[in-house]
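Chain and residue survey
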Amino acid sequence: MLENKDNLKKIVFFILILNPFIDVATSLYLKVFKGNNMFTPGIIIRNVILLYLIFYFIRHKDKIKNLILLAMTLILTMVVQIFYGVNYNVFLEIQYYFRFLLNFLFLIFIEDILKLFKYENKIAKQILRYINYSGAIFALIIVLSFIFGVDFKTYRSSFSSKGLFYAGNEVAAVLSVVYPISIYFLVSGENVILNYFLYIATLLSMVLVGTRVALGSIIVTLIAFIIFSLYSYNKNLLNKIVKIILLSMICVFVFIKGVLYFKNINLVQHNIERQIENYEKTQKDTTTYVLSSRNIKLKQAYKEYKESPLIRKVFGIGRGSQKLTIEMDFAEVVIYYGIFGTITMLLPVITRGVRYILKILSFNKDVLYISIFLSLALGFGSSFLAGHVLFSAAGIYSFMILGIASCFTEKE
């Protein structure tokens, strides 16, 4: 019964709407109830979803090769570490790798659903709409919990807020990916009042989270839409984007003033002071500041990789051998899973992205396709520099949108 294409679509919609509440439950479990981080609600529920996807792939033998290659990557990496007797946490490795596996299987799952619907734009837009709803739920939880004073702070000494969520960087990754999609629905002219409400909630939540990824995504997206409007000679779109920018500035200004008046918190001043403090902590090293010290962790992990035997270069040094992650997803794949993992894990993602970029110029300058491109660029771009996408629950959004983009190239 679940193999019916309409039921498969409903499963995707249900998971997208459920996703923010899973993260809230996980955050409360860890922060309020001080639960064991090895078995959180998020890990349990998402592994159940992963099991469903695995059984789905097993029943469809034309897709099982993807599962086999990814399983081999994990098994061979684990075997190599055990063989060389390194200090190795098998459970941590499996837990970490399963996050990527879940995201990647969702990519193929979305492609399969759209194929069953014969690549209908209507279905792709429905999935994007629910991605927008899911992102807006994240946003509303952040804004409302901040207003009522029950939120968690993004940083320890910070007024920035991540709402009721545990990981601020992951929330920022979700909002950054969803932001261009929210603008697409705003300029589409459908459900105007609802889409304006969802957009403003998303915008304000990104200001509250206060990470460079979140704030930078707002600026990059709006500038990109202006450039696209000019490039495509679309005066109507340009007018809409200018109005959105003006609305955004007004909403942010009023919100910041409201926070200052009612909560005596100067968000702008605080963020500037925090960035200056962070820069000084790096001894004014620009690279270390921009990468939030990830370059230091990258050098340490790469040193171990470089000094390892050839077989560990081929299959990686494993996440389970490291105390901390690098937090740069593409570098983690290369170092943790080696040359073999780079081919099986990254190559399918990169080739889909490149195919979409090569095709985008032939898409008649439609705002839908540039919105998807921006979403992918922000998602996987931040993944390259700041992590929290390939190996994170936040990655489900980037991988789903990549699946939609891939199907558009197939359709063309």
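Described in the following lines is the structure provided in the data block. Every chain is numbered independently, its residues counted from 1 as its sequence is written. Owing to the predicted nature of the model, reporting of local features is limited to residues with pLDDT of at least 70; listing and counting of side-chain atom pairs is limited to 80 or more, with chain, interface and lining totals taken over all residues. The side-chain numbers reported here are obtained from all heavy atoms of the structure, hydrogens and water having been left aside.

Bringing the overall build of the protein into the picture now. Helix numbering and strand numbering both begin at the N terminus, where a helix is a DSSP run of H or I of at least 4 residues and a strand a DSSP run of E of at least 2. Counting secondary structure elements, the protein contains 16 helices and zero strands. For the radius of gyration, the atoms used are the C-alpha atoms, and the globule rule reads 2.2 Å times the number of residues raised to 0.38. For 412 residues, the compact-globule estimate of 2.2 N^0.38 gives 22 Å, and the C-alpha radius of gyration of the protein, at 21 Å, lies within 12% of that figure. Along the longest, intermediate and shortest principal axes, the C-alpha atoms of the protein span 60 × 55 × 40 Å. Across the 412 residues that make up the protein, the buried fraction comes to 55%. In the protein, once contacts between residues fewer than 6 apart in sequence are set aside, the share between residues at least 24 apart is 71%. On the protein, the mean spot of the 42 positive side-chain charges and the mean spot of the 23 negative ones are 2 Å from each other. Each residue is placed in one exposure class: buried if its accessible area under a 1.4 Å probe, protein chains only, is under 20% of its type's maximum, exposed if it is over 50%, and partly exposed if it falls in between. The contact criterion used is simple: two residues touch if any of their non-hydrogen atoms lie within 4.5 Å. His residues and chain termini do not enter the charge count, which takes Lys and Arg as positive and Asp and Glu as negative. To locate a charge, take atom NZ for lysine, CZ for arginine, CG for aspartate or CD for glutamate.

Attention now moves to the environment of valine 12. Looking at where valine 12 falls in the secondary structure, it is placed in helix H1 (residues 5–31). The spatial distance from the C-alpha of valine 12 to the C-alpha of leucine 50 is 13 Å, given a sequence separation of 38 residues. Aside from chain neighbours lying at most four places away, what touches valine 12 is Phe109, Ile110, Ile113, Ile127 and Met400.

In what follows, salt bridge is the name for a side-chain nitrogen of Lys or Arg lying within 4 Å of a carboxyl oxygen of Asp or Glu. One pass over the structure, following the stated rule, counts seven salt bridges. Aspartate 151 is the partner of lysine 153 in a salt bridge, and the nearest nitrogen-oxygen pair spans 3.0 Å. Where lysine 281 meets glutamate 277, a salt bridge forms, and the shortest distance between an N and an O atom there is 3.5 Å. Separated by four residues within a single helix, lysine 281 and glutamate 277 lie in helix H10 (residues 267–281), roughly one turn from each other.

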